[in-house]
Amino acid sequence: MKRKRISEINAGSMADIAFLLLIFFLVTTTMNVDKGIFRKMAEKNQKPTTIELHDRNVLDVNINRNNEIWVSNRIIDKKELQKMALDFIDNGGGKAINGTICDWCNGAKKKNMSDHPSKAFVMINADRNASYETYVYALDQINAAYADLRNKLSYKMYGKNYHLLEKEFKKTKNTTTLEKIKMIRKKYPLLIGDLEITSDMAQK
């Protein structure tokens with residue numbers, strides 16, 4: 001009885017097929033990208049100034065594990081935060097470190113709120129169990145308060161809001177525009193800090 005000869009499989013092109021499959025998976029696979037918050041770091045001050053902080057010059061924004069926002073020992077509606085930050089920063093109730101008053105501030109000048117925009121610090125304290133979304137929302141509201149104040153002052157001084165000045169400088173690199181931007185930033189410096197709290201403060 002004759003045995004049938006088994007034909008051999010041509011494996012010469014298998015390497016090419018495997019290579020094409022590898023390229024296919026590399027092209028179609030999505031890679032996980034680390035998420036975070038874009039924050040521009042402040043330039044290093046060669047001559048740092050020592051600032052004595054008083055309670056009235058610090059706005060504590062606390063986020064507990066239930067994602068509730070506490071300001072001034074009470075839970076606030078999230079929509080209130082921007083207005084509260086704006087009133088705090090623009091209060092103008094005292095003097096700057098060099099003794100000058102804020103003649104551009106439009107606040108109520110309350111004695112229990114910030115003396116001067118250059119002294120008004122906003123601290124965001126988030127519980128480690130608070131959601132990332134709540135923290136980002138709070139940070140956005142604080143930044144929106146600064147943006148509003150800068151836009152109003154820029155329009156008053158130069159007839160253009162602050163964002164337009166920034167766009168103009170990016171296009172033209174004009175030094176005069178840059179000086180205007182620096183002036184607005186000096187009058188309303190962005191003073192935001194953040195901490196992680198682990199205590200039981202305002203958890204319930």
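Residues numbered from 1 in each chain as written. Predicted model: local features only at pLDDT ≥ 70, side-chain atom pairs only at ≥ 80, totals over all residues. Heavy atoms only, no water.

(A) Summary view of the overall build of the protein. From N to C terminus, the protein includes five helices and five strands. The N-to-C order of helical and strand elements in the protein reads α-β-β-β-α-β-α-α-α-β. In the protein, buried positions account for 33% of the 204 residues. Accessible surface computed for the protein: about 15,200 Å², of which carbon and sulfur atoms make up 55%. (Helix = DSSP H or I, 4+ residues; strand = E, 2+ residues; numbered from the N terminus. Buried < 20%, exposed > 50% of the residue type's maximum accessible area, 1.4 Å probe, protein only. Areas by Shrake-Rupley, 256 points an atom, 1.4 Å probe, with all protein chains shown as cover.)

(B) Expanded view of the side chain of Asn125. When you line up the elements, Asn125 lands in strand 4 (residues 121–127). Accessibility expressed as a relative area gives 6% for Asn125, which makes it buried. Side-chain polar atoms of Asn125 contact the side chain of Asn62, separated by 2.7 Å. (Polar contact = N/O pair within 3.5 Å; in protein donor to acceptor, adjacent residues only side chain to side chain.)

(C) The packing of helix 4 (residues 162–172) against helix 5 (residues 175–187), seen in detail. Two elements in contact, helix 4 and helix 5, have axes separated by 9 Å at closest approach and are oriented at 145°. In this structure, helix 4 crosses over helix 5, and the sense of that crossing is left-handed. On the side of helix 4, the interface is formed by Tyr162, Leu165, Glu166, Glu168 and Phe169, while helix 5 contributes Thr177, Leu178, Lys180, Ile181, Ile184 and Arg185. (Axes fitted to C-alpha atoms, helices over the stretch in contact; angles between N-to-C directions. Left-handed = near helix turned anticlockwise from the far one by under 90°. Contact = heavy atoms within 4.5 Å.)

(D) Seen up close, a positive patch on the surface. Together, Lys167, Lys170, Lys171 and Lys173 make up a region of like positive charge exposed at the surface. Relative to the helices and strands, Lys170 resides in helix 4. (Patch = residues over 30% accessible without salt bridge, like charges linked within 9 Å, V, L, I, M, F, W, Y side chains within 5 Å. Salt bridge = Lys/Arg side-chain N within 4 Å of Asp/Glu carboxyl O. Lys, Arg positive; Asp, Glu negative; His and termini not counted. Charge placed at Lys NZ, Arg CZ, Asp CG, Glu CD.)

(E) Spatial organisation of helix 2 (residues 81–89). Among the residues of helix 2, Leu81, Met84, Ala85, Leu86, Phe88 and Ile89 are the ones counted as buried. The secondary structure elements touched by the buried residues of helix 2 are strand 1 (58–63), strand 2 (69–71), strand 3 (74–76), strand 4 and helix 3 (132–158).

(F) A look at the packing of aromatic side chains. Following the criterion strictly, the structure yields zero aromatic pairs and no others. The ring of Tyr162 carries the charged tip of Arg150 above its face, separated from the ring centre by 5.3 Å. Against the face of Trp104 rests Lys187, its NZ or CZ located 3.9 Å from the ring centre. (Phe/Tyr/Trp six-rings, centres within 6.5 Å; stacked < 30°, edge-to-face > 60°. Lys NZ or Arg CZ within 6 Å of the ring centre and 35° of its normal.)

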